[in-house]
Amino acid sequence: MFRRLATGLTLGVLSLVAPLSSTGLGHSPVALASPSSPSLPRLGDRGDVVRSLQKALIAAGVNVPGGADGIFGRGTQGAVRTFQESVGLPATGEVDEITGHLLGLAPAPTLPTLGQRGDAVRSLQQALIDAGVNVRGGADGIFGNATAAAIKTFQTARKLSSTGVVDVRTAIALRILPVTKSSTPSTPPTSTTSEAKARTLAKVGDRGEKVVVLQKALIAAGVNVRGGADGIFGNATTSALRTYQETVGLAANGRLDDPTAQLLGLVEAPERPRRGDSGDSVRSVQKKLIDLGFRIAGGADGDFGSATSRAISAFQRERGFEETGKLDLRTYGVLMASKSGSATTDTGSTPTPTPVADGPATPVAIFPTQGPCWFTDTWHAPRSGGRVHQGVDIIAATGRAVYAVADGTITRVFFDRPGSLGGNAVRLTAADGTYFHYAHFSKFGEGIEVGSKVKVGQVIGYVGSTGSSSTPHLHFEYHPKGGAAVNPYPIVKAINGCQNTELLTPSASETSSAD
Ligand SMILES: [Zn+2]
């Protein structure tokens with residue numbers, strides 16, 4: 001049964017890294033607007049253009065409250081946001097050029113092409129470099145053969161068609177898409193290069209515009225950056241970041257992690273639950289509050305009412321924030337980044353010495369969870385009992401699928417029990433001894449037991465919060481060649497599948513002769 005899933009690999013991976021293909025959006029059947037009339041609807045609009053938008057959203061599988069009623073209200077705005085999240089675009093709720101294009105309502109955006117020169121090309125090259133692809137000659141702003149070759153390498157790695165041409169899907173994967181108003185469809189992407197660059201977070205040792213953007217944001221926040229916005233991420237910038245983090249109440253690690261970048265306005269702010277909301281996102285907040293010692297009458301029931309507001313107020317009071325009872329960006333960022341000591345945990349797995357084979361270790365082939373999800377670098381963060389964190393914690397709702405990231409065998413299965421650290425957990429071991437440790441499952445994948453052979457993309461479990469965990473998340477460790485754990489954060493960050501919300505569905509029509 002499971003073995004037959006093997007062949008879903010190609011399709012599964014495609015739908016994972018390129019959600020467009022799984023929704024058919026790249027070739028939407030609802031071609032509703034002529035490419036020559038790219039006037040896209042906005043909030044408050046009424047009429048046929050809005051109806052076209054709503055129909056396109058519905059065709060893309062997004063729920064539009066009220067249906068295609070021709071009125072662009074908050075419901076439609078929310079539906080646009082959901083769509084944008086599902087394809088990996090910033091969830092603005094506005095029908096910009098790219099969103100319109102993906103919905104079949106607007107022509108393709110202007111993207112860099114072979115022979116072109118300038119800032120747009122430089123942004124493209126920088127994005128490739130940031131994604132770990134070597135660009136011969138560096139970010140020189142010239143789109144020649146070296147850049148085309150680098151694009152091909154990137155496309156191959158992401159299982160996109162390896163054309164060397166920057167199509168929309170490649171641009172989304174590289175996060176270089178300009179999100180501009182539809183009224184200026186011919187504007188070259190140069191006007192938004194700083195925004196695009198900022199989406200790849202600067203780190204120590206980096207130089208260039210994205211560091212300038214960070215430094216300017218710090219200065220705007222009232223933090224002194226020695227040397228000013230010089231574009232060099234050295235000790236002065238690290239120290240300024242630490243000062244900023246201390247000021248706002250985040251862990252002062254001196255790194256531009258996701259919560260810090262969100263508070264500085266360098267990346268999209270996460271969706272935050274509001275009073276009256278209900279569901280898993282509310283439950284995550286409630287669990288976090290409870291875990292930090294704030295009482296909520298009714299517990300983590302998933303309903304954001306007055307009890308939750310009061311607990312948020314109490315948290316804000318403790319941190320010296322304004323007591324609003326609301327999850328503003330700062331409250332949310334600091335709350336969710338707060339560690340309770342037992343918040344998330346290493347799972348007590350011990351590296352097993354294994355004979356080391358030649359060649360590179362089995363890689364992490366795909367992102368380990370179904371989105372939406374969220375994660376930061378918590379490598380070697382302190383944990384209870386003097387331990388340090390050996391993996392990455394991917395925060396996702398209970399029940400989201402967890403995938404095998406490589407072909408291999410389930411070699412250990414741990415069951416949740418009182419006092420357990422990892423709760424329901426498994427170890428997946430590849431042929432070369434490389435193993436992956438997954439923890440805190442709410443339940444195991446169908447038929448998963450010691451000895452199960454699994455294939456990349458197969459569901460081996462579901463996100464949960466079993467064991468020592470306060471928030472539903474996947475704890476994921478990577479032990480190349482069976483040795484000590486290495487930091488999986490940059491690896492999963494490079495794949496970044498959090499925007500892939502659709503379940504991988506290995507194709508049943510294809511069959512496999514494999515084992
Ligand atoms: Zn963990």
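Keep in mind the model is a prediction, meaning the values are calculated, not measured.

Draft legend 1. Spotlight on helix H14 (residues 280-291). In this model, H14 (twelve residues) spans 16 Å end to end at C-alpha, consistent with the 16 Å of a helix rising 1.5 Å per residue. Among the residues making up H14, those that are buried are Val282, Arg283, Ser284, Val285, Gln286, Lys287, Lys288 and Leu289. Looking at the buried residues of H14, the elements they touch are helix H15 (306-319) and helix H16 (329-337). Residue Gly293 follows H14 closely and has a positive phi angle near 100°.

Draft legend 2. Examining the pairing of strand E10 (residues 473-479) more closely. Among the seven residues that make up E10, seven are buried, leaving the element largely enclosed by the rest of the structure. Judged by which residues are buried, E10 turns out to be covered on both faces: His473, His475, Glu477 and His479 on one side and Leu474, Phe476 and Tyr478 on the other are all buried. Examined bridge by bridge, strand E2 (residues 392-396) and E10 share four bridges and lie antiparallel to one another. Bridging from a neighbouring strand, Ile394 pairs with Leu474 of E10. Relative to E10, strand E6 (residues 435-441) runs antiparallel, the two sharing five bridges. For Tyr438, the partnering residue across the bridge sits in E10 and is Phe476.

Draft legend 3. Spotlight on the sheet that holds strand E9 (residues 459-462). Reading across the sheet, the three strands line up as E3-E9-E7 and stay open at both edges, with antiparallel pairing between neighbours. Each end of this open sheet is capped by a strand with a single partner; those strands are strand E3 (401-403) and strand E7 (443-444). As paired elements, E7 and E9 share two bridges and run antiparallel to each other. Within E9, the residue paired with Lys443 across the bridge is Tyr462.

What counts and how
Residues numbered from 1 in each chain as written. Predicted model: local features only at pLDDT ≥ 70, side-chain atom pairs only at ≥ 80, totals over all residues. Helix = DSSP H or I, 4+ residues; strand = E, 2+ residues; numbered from the N terminus. Expected span 1.5 Å × (residues − 1). Buried ≥ 20, exposed ≤ 12 C-beta atoms within 10 Å, placed from the backbone. Contact = placed C-beta atoms within 7 Å. Pairing = 2+ DSSP bridges.

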